[in-house]
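# Structural overview
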Amino acid sequence: MFAATIAGSLPKPAWLAETRKLWPQWKSGGDELAQAKADATLLWIKAQEDAGLDVIGDGEQSRQHFVHGFLEQVEGIDFAHKVKMGIRDNRYDAMVPQVVAPLRLKGRVHAAEARLLRGATRRRTKFTLPGPMTIVDTVADRFYNDRVRMAMAFAELLNQEALALQDDGVDVIQFDEPAFNVYMKDAADWGVQALERAAQGLRCTTAVHICYGYGIQANVDWKATLGEQWRQYEQVFPALARSRIDQVSLECFHSHVPPELMKLLDGKDVMVGVIDVASDEIETPEQVAATIGEALKYVPAGRLLPCTNCGLAPMDREVALRKLRALGLGAALARERHGG
């Protein structure tokens, strides 16, 4: 009961990359960088275990960014000539690569990271991939000229890698779709369909993470415009409830999401965000347990998984460590209270 996990990313150590940045530059290259990535991954696996988490991720230590880490192994994408583009409905600008030809995988994308993760822990493992709709919103299209067609092309590639990750022994494959909270109608119309194509044929647990973004200033400013109630989930949750995806991750703690929207996910496991990624204030175990208690009004205990609201990548490393400990202790406290 209340198996605790993270949404995905964790801060990179200063000896690996720039700190407190969403798109950090690596501190080395070649074999030295590969070893540093592996060392950072092992460090965070142990930190999650020490914090009492139940489902362990790699912290995305080998990826500069959660989307571009996948795209680097895709043919048909020009990284040499990035262009500035507004992403997430022009919430902020980013330098993005361009799709210039048919999309194909160069080979395996995350084999080394997944096998390292699987071999380093006896606990259940989770690996994250960007969702097709969010990829489409994070690249410049110079070839397909059709968002849905390009999303389905990316979904096929994601499916190839996801099936291979399953064979690597990964227990949970999570697709990250923050774009679902921005283009809500499109998400319900074709985004969930593309997501299901990415998860086609998987026998392991499948998940989708839908958040209001990292704790960067652009996202904080955007949230301030959303009013007293954040009802974006209301448009896509019914489509997800009808889908074959097993788990849905959402923001809860310190958000303005009406908690009763969780009822729209009847029949799904719900990863409830109990850790705020937009504040350096450390949650107490009592606060985490209280958030879990509130969510239990709408989600059966056996389907509730406490989680971080989003990734912790841009945070200070020590803050992230303390938040992980609060997550683990709060989940344990909730088990005591609710008979788990």
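The structure reproduced in this document is the subject of the present report. (Residues numbered from 1 in each chain as written. Predicted model: local features only at pLDDT ≥ 70, side-chain atom pairs only at ≥ 80, totals over all residues. Heavy atoms only, no water.)

### Some points on the overall build of the chain
Summing up its helical and strand segments, the chain has ten helices and ten strands in all. Against the 2.2 N^0.38 benchmark of 20 Å for 340 residues, the chain shows a C-alpha radius of gyration of 19 Å, consistent with a compact globule. If you line up the chain on its principal axes, its C-alpha atoms span 55 × 45 × 40 Å. Scored against the burial criterion, the 340 residues of the chain give a buried share of 59%. Counting only contacts in the chain whose residues sit at least 6 apart along the sequence, the fraction spanning at least 24 positions is 77%. Only carbon and sulfur atoms are counted for the fraction: they give 47% of the accessible area of the chain, which is about 13300 Å². Positive and negative side-chain charges in the chain, numbering 40 and 45 respectively, have mean positions lying 2 Å apart. (Helix = DSSP H or I, 4+ residues; strand = E, 2+ residues; numbered from the N terminus. Rg over C-alpha atoms; globule rule 2.2 N^0.38 Å. Buried < 20%, exposed > 50% of the residue type's maximum accessible area, 1.4 Å probe, protein only. Contact = heavy atoms within 4.5 Å. Areas by Shrake-Rupley, 256 points an atom, 1.4 Å probe, with all protein chains shown as cover. Lys, Arg positive; Asp, Glu negative; His and termini not counted. Charge placed at Lys NZ, Arg CZ, Asp CG, Glu CD.)

### Let's talk about the pairing of strand β4 (residues 124-130)
A large share of β4 lies buried, amounting to six of its seven residues. As defined by bridge partners, β4 adjoins strand β6 (residues 172-176) across five bridges and the pair is classed as parallel. Considered in β6, the bridge of threonine 128 is made with glutamine 174. (Pairing = 2+ DSSP bridges.)

### Here's the deal with the side chain of arginine 88
Of note, arginine 88 is situated in the loop between β2 (74-87) and β3 (92-105). A polar atom in the side chain of arginine 88 sits 3.1 Å from the side chain of threonine 138. Leave out the neighbours within four places in its chain, and arginine 88 touches Phe66, Thr134, Asp137, Thr138, Pro178, Val182 and Tyr183. (Polar contact = N/O pair within 3.5 Å; in protein donor to acceptor, adjacent residues only side chain to side chain.)

### Some points on the nonpolar core
Soluble globular proteins: nonpolar side chains tend toward being buried together. Counting residues in each nonpolar core, the largest one holds 106 residues, and the members touching the most others are Phe70, Leu103, Phe154, Phe175 and Leu240. Looking at this core element by element, the count peaks at ten residues for helix α5 (residues 147-167). Once residues within four sequence positions are removed from consideration, phenylalanine 154 is found in contact with Leu71, Ile77, Val99, Leu103, Ile135, Val136 and Val139. (Core = buried A, V, L, I, M, F, W, Y, C linked by side-chain atoms within 4.5 Å.)

### Here's the deal with the sheet that holds β3
Spatial strand order, β2-β3-β5: three strands in an open sheet with mixed pairing. Each end of this open sheet is capped by a strand with a single partner; those strands are β2 and β5 (140-141). Across two bridges, β3 lies against β5 in parallel orientation. Note that in β5 the partner of valine 99 across the bridge is aspartate 141. Strands β2, β3 and β5 of the sheet are contacted by α5, whose axis makes an angle of about 75 degrees with β3. (Axes fitted to C-alpha atoms, helices over the stretch in contact; angles between N-to-C directions.)

### Describing the packing of helix α1 (residues 30-50) against helix α10 (residues 317-338)
At their nearest, the axes of α1 and α10 sit 9 Å apart, and the two run at 35 degrees to each other. For α1 against α10, the interelement crossing comes out right-handed. The residues of α10 that touch α1, namely those facing Leu43, Trp44, Ala47 and Gln48, are Arg317, Ala320, Leu321 and Leu324. Its residues assigned to classes, the contact of α1 with α10 comprises six nonpolar, one polar and one charged. (Left-handed = near helix turned anticlockwise from the far one by under 90°. Nonpolar A, V, L, I, M, F, W, Y, C, P; charged D, E, K, R; others polar.)

### Quick word on the state of the cysteines
Evaluated as defined, the whole model comprises zero disulfides. In this structure cysteine 211 is not part of a disulfide, and its nearest cysteine sulfur, from cysteine 310, lies 3.5 Å away. The structure places no disulfide on cysteine 307, whose sulfur is separated from the nearest cysteine sulfur, that of cysteine 310, by 9.3 Å. (Disulfide = S-S within 2.5 Å.)

### Quick look at the packing of aromatic side chains
Applying the stated criterion to the full structure yields six aromatic pairs. Note on tyrosine 212 and tyrosine 233: the rings are 5.5 Å apart at their centroids and 80 degrees apart in plane angle, and the pair reads as edge-to-face. Taken together, the residues tyrosine 212 in the loop between β7 (205-209) and α7 (217-223) and tyrosine 233 in helix α8 (residues 233-241) connect sequence positions 21 residues apart. The two residues tyrosine 212 and tyrosine 233 agree in class, both being buried. In textbook terms, an aromatic cluster arises when at least three aromatic residues are bridged by ring pairs, as seen for Tyr212, Trp222, Trp230, Tyr233 and Phe237. The ring of tryptophan 222 carries the charged tip of arginine 91 above its face, separated from the ring centre by 3.6 Å. Here the guanidinium or amino end of arginine 147 rests over the ring plane of tyrosine 183, the centre of that ring lying 5.2 Å away. (Phe/Tyr/Trp six-rings, centres within 6.5 Å; stacked < 30°, edge-to-face > 60°. Lys NZ or Arg CZ within 6 Å of the ring centre and 35° of its normal.)

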